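Observations on the model geometry
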Amino acid sequence: MKILIIHGPNLNMLGKREPDIYGSTTLDDINKQIEKEAKSLKLKVQYFQSNSEGEIVTKIQNSLGSIDGIVINPAAYTHTSVAIRDAILSTNVPTVEVHISNIYKREKFRQHSYISAVAVGVISGFGTYSYNLGLRAIESHLKSKK
Ligand code: CA2
């Protein structure tokens, strides 16, 4: 099974700014952590980070036919992007939404996600381990559909 990991805007800054909220782990560290989990689950993983909404939409569109599932942290686009929501909906590639922080404990504007309603499910608040859980969740979902 092939899984695409999408990291949204500013996640390339992880470990470099705001360590009180997002911790000191860098995006490279997270990708290494995902790779370990993927190996144990026998999954193939591709990684993509972009600060651009359009690039994320195009990546999701291009995953059709070559990717079995997506794990996405849409970051700030979670709370704004109808375009990413529509891309997930139109390609219909099963998608798990993940967040490092618990968005429901934070500011009001972060408590609404445009993505959740088109995702298989949401994992939020487990630090960078949210990605491991996201990978397990998409694997379990895809297996149950076979
Ligand atoms: O908790 C999450 O994973 C978020 O998706 C992270 C986003 C935030 O906008 C969402 O509400 C929740 C922010 C990612 C930006 O990460 C930074 C890392 C270091 C310094 C500044 C931002």
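Please refer to the structure higher up on the page.
What this report covers is the structure whose coordinates are included nearby. (Residues numbered from 1 in each chain as written. Predicted model: local features only at pLDDT ≥ 70, side-chain atom pairs only at ≥ 80, totals over all residues. Heavy atoms only, no water.)

Remarks on the overall build of the protein chain
Looking only at helices and strands, the protein chain features five helices and five strands. Taken over the C-alpha trace, the protein chain has a radius of gyration of 14 Å; the compact-globule value for 146 residues is 15 Å, and the two agree within 12%. In the protein chain, buried positions account for 46% of the 146 residues. Put simply, 77% of the contacts in the protein chain that link residues at least 6 apart link residues at least 24 apart. Entry remark: accessible area of the protein chain is about 7500 Å², with carbon and sulfur atoms responsible for 50%. (Helix = DSSP H or I, 4+ residues; strand = E, 2+ residues; numbered from the N terminus. Rg over C-alpha atoms; globule rule 2.2 N^0.38 Å. Buried < 20%, exposed > 50% of the residue type's maximum accessible area, 1.4 Å probe, protein only. Contact = heavy atoms within 4.5 Å. Areas by Shrake-Rupley, 256 points an atom, 1.4 Å probe, with all protein chains shown as cover.)

Notes on the nonpolar core
It is characteristic of soluble globular proteins that their nonpolar side chains tend to be buried jointly. By size, the foremost hydrophobic cluster in this structure holds 21 residues, and its most contacted members are Ile 3, Ile 5, Leu 11, Ile 34, Val 71, Tyr 131 and Leu 135. For this core, the secondary structure elements donating two or more residues are strand 1 (2–7), helix 2 (27–41), strand 4 (95–99) and helix 5 (129–145). Top contributing element to this core by residue count: helix 2, with five residues. Discounting chain neighbours no more than four positions away, the residues touching Ile 3 are Leu 43, Lys 44, Val 45, Gln 46, Ile 67, Gly 69, Val 71, Leu 135, Ile 138 and Leu 142. (Core = buried A, V, L, I, M, F, W, Y, C linked by side-chain atoms within 4.5 Å.)

Here's the deal with the site of the ligand
Neighbouring residues of the ligand: 16 residues in total, closest Asn 73, His 79, Ile 100, Ser 101 and Arg 110. At a separation of 2.7 Å, an oxygen atom of the ligand approaches a polar backbone atom of Ile 100. Ser 101 is positioned such that a nitrogen or oxygen atom in its side chain is 2.5 Å from an oxygen atom of the ligand. Protein coverage of the free-state accessible area of the ligand, which is 510 Å², stands at 93%. Taken together, the residues of the shell around the ligand sort by class into eight nonpolar, five polar and three charged. (Near = heavy atom within 4 Å. Polar contact = N/O pair within 3.5 Å; in protein donor to acceptor, adjacent residues only side chain to side chain. Nonpolar A, V, L, I, M, F, W, Y, C, P; charged D, E, K, R; others polar.)

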